[in-house]
Amino acid sequence: QKEVEQDPGPLSVPEGAIVSLNCTYSNSAFQYFMWYRQYSRKGPELLMYTYSSGNKEDGRFTAQVDKSSKYISLFIRDSQPSDSATYLCAMSASGANSKLTFGKGITLSVRP
Amino acid sequence: EADIYQTPRYLVIGTGKKITLECSQTMGHDKMYWYQQDPGMELHLIHYSYGVNSTEKGDLSSESTVSRIRTEHFPLTLESARPSHTSQYLCASSELGLSGAGYTFGSGTRLTVV
């Protein structure tokens, strides 16, 4: 079993839809949770960052962490064609030398 | 502007050639990483470094080598390119000593070996 599992996709939604992207993990030491967005032929860019459990909102994006269930989510409200990209979850444990563990990524397409 | 740069963006090269993929960052980050990413596939860590003269192999076995002579520079070298090396190579950096630090990625080098 992989440490981080991400819904496989791809996902296609109409413009304006609410999108829910999810990851599960098995390592209870993970404390830091991130979502990266990767446009075609570009490197991933950090979209959302959360420490421990709880919600974090930034504009149309909400990141949610449930450590008791080892489950994280990214919600996109009022989705736009410009949101079409691959979304990767990533997480790490505490400690200066901890490395990020990435999910496989899910490709989202928002249809105009 | 603080950033991470990779060159070249695209490279098509013949089998058996030696190539070096360049990666430089202006953020003063001590940690640097090389990932390999095939289309639709996950990121695979192939090398990382926690500072000058420090290099380690990652989770994915790779025939490439890296060096870290300067903090800002982390080149990756393939001594003899093969078609199986065709992939996208991504360089990233993060701060040392900061627990849970996110990574900053470059735009990648898309390598094709013919």
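Numbering of residues begins from 1 in every chain and follows the order in which that chain's sequence is written. Working convention: letters from A go to chains and numbers from 1 go to ligands, in the order in which they are written. Local features are withheld for residues below a pLDDT of 70 in this predicted model, meaning they are given only at 70 or higher, and side-chain atom pairs are given and counted only at 80 or more; totals for whole chains, interfaces and linings count all residues. Processing note: side-chain calculations cover all non-hydrogen atoms of the structure and skip hydrogens and water entirely.

Draft legend 1. Expanded view of the overall build of chain A. Starting at the N terminus, helices and strands are each numbered in turn, a helix being any DSSP run of H or I of at least four residues and a strand any DSSP run of E of at least two. Secondary structure summary: chain A contains zero helices and 11 strands in total. Tracing chain A from N to C terminus, the helices and strands come up as β-β-β-β-β-β-β-β-β-β-β. Taking 2.2 N^0.38 as the reference for a compact globule, 112 residues should give roughly 13 Å; the C-alpha atoms of chain A span a radius of gyration of 14 Å, in line with that estimate. With respect to the principal axes defined by its C-alpha atoms, chain A has extents near 45 × 30 × 25 Å. Within chain A, buried positions represent 44% of all 112 residues. Should any heavy atoms of two residues lie within 4.5 Å, those residues are considered in contact. Sequence-distant contacts, at least 24 apart, represent 54% of the contacts inside chain A between residues at least 6 apart. Computed by Shrake-Rupley with a 1.4 Å probe, the accessible areas treat only the displayed protein chains as cover when residues are assessed. For chain A, the accessible area works out to roughly 5,300 Å², and carbon and sulfur atoms hold 47% of it. For chain A, the distance from the average position of its 12 positive side-chain charges to the average position of its 10 negative side-chain charges is 6 Å. Note that the radius of gyration is over C-alpha atoms, with the globule rule given as 2.2 Å times the number of residues to the power 0.38. Partly exposed describes any residue whose relative accessible area lies between the buried limit of under 20% and the exposed limit of over 50%, with all areas from a 1.4 Å probe on protein chains only and scaled to the type maximum. In this charge count, Lys and Arg are treated as positive and Asp and Glu as negative; neither His nor the chain ends contribute. Lysine's charge is taken at NZ, arginine's at CZ, aspartate's at CG and glutamate's at CD.

Draft legend 2. Focus on the interface of chain B and chain A. Each partner contributes residues to the interface: chain B has 27 residues there, and chain A has 23 residues. Each of two parts loses accessible area, computed with a 1.4 Å probe, when they are put together; buried area is these two losses added. Summed over both sides, the interface between chain B and chain A buries roughly 1,900 Å², with carbon and sulfur atoms accounting for 49% of that surface. Think of a salt bridge as a Lys or Arg side-chain nitrogen and an Asp or Glu carboxyl oxygen that are within 4 Å of each other. One can count one salt bridge joining chain B with chain A. For the salt bridge of Lys2(A) with Glu42(B), the shortest nitrogen-to-oxygen distance reads 2.5 Å. Here a polar contact means two N or O atoms within 3.5 Å. Within protein one must be a hydrogen donor candidate and the other an acceptor candidate, and residues neighboring in sequence count only if both atoms are side-chain atoms. The tally of links from chain B across to chain A stands at five residue pairs in polar contact (both at pLDDT 80 or more). Breaking the side of chain B that touches chain A down by element, the ones donating at least two residues are strand 4 (31-37), strand 5 (44-51) and strand 9 (87-94) of chain B. Here the side of chain B that touches chain A is built from residues that sort into 14 nonpolar, nine polar and four charged. Note that Gly is not counted as nonpolar here; it falls among the polar residues with everything else outside the nonpolar set of Ala, Val, Leu, Ile, Met, Phe, Trp, Tyr, Cys and Pro and the charged set of Asp, Glu, Lys and Arg.

Draft legend 3. Expanded view of the sheet that holds strand 8 (residues 71-76) of chain A. Residues and elements named next belong to chain A. Spatial ordering of the open sheet is given by 1-3-8-7-6, a layout of five strands whose pairing is antiparallel. Two strands lie at the open edges of the sheet, namely strand 1 (4-6) and strand 6 (54-58), each paired on one side alone. Direction aside, the axes of adjacent strands within the sheet are offset by 15° on average. Whether two strands pair depends on DSSP finding at least two bridges between them. Where strand 7 (residues 61-66) meets strand 8, six bridges bridge the pair, whose relative direction is antiparallel. Bridging across to strand 8, Ala63 finds its partner in Leu74. Axis definition: a line fit to C-alpha positions, over the contact stretch in the case of helices; interaxial angles, taken between N-to-C directions, run 0 to 180 degrees.

Draft legend 4. Spotlight on the state of the cysteines. Residue and element names in this part refer to chain A. Any two cysteine sulfur atoms within 2.5 Å of one another count as a disulfide. This model, assessed by the stated rule, comprises two disulfides over all chains. Bridging Cys23 to Cys89, the disulfide has an S-S length of 2.0 Å. Where Cys23 bonds to Cys89 through sulfur, the torsion about that S-S bond is close to -100°, and the disulfide is left-handed. Of this pair, Cys23 sits in strand 3 (residues 19-25) while Cys89 sits in strand 9 (residues 85-93), and the two are 66 residues apart along the sequence.

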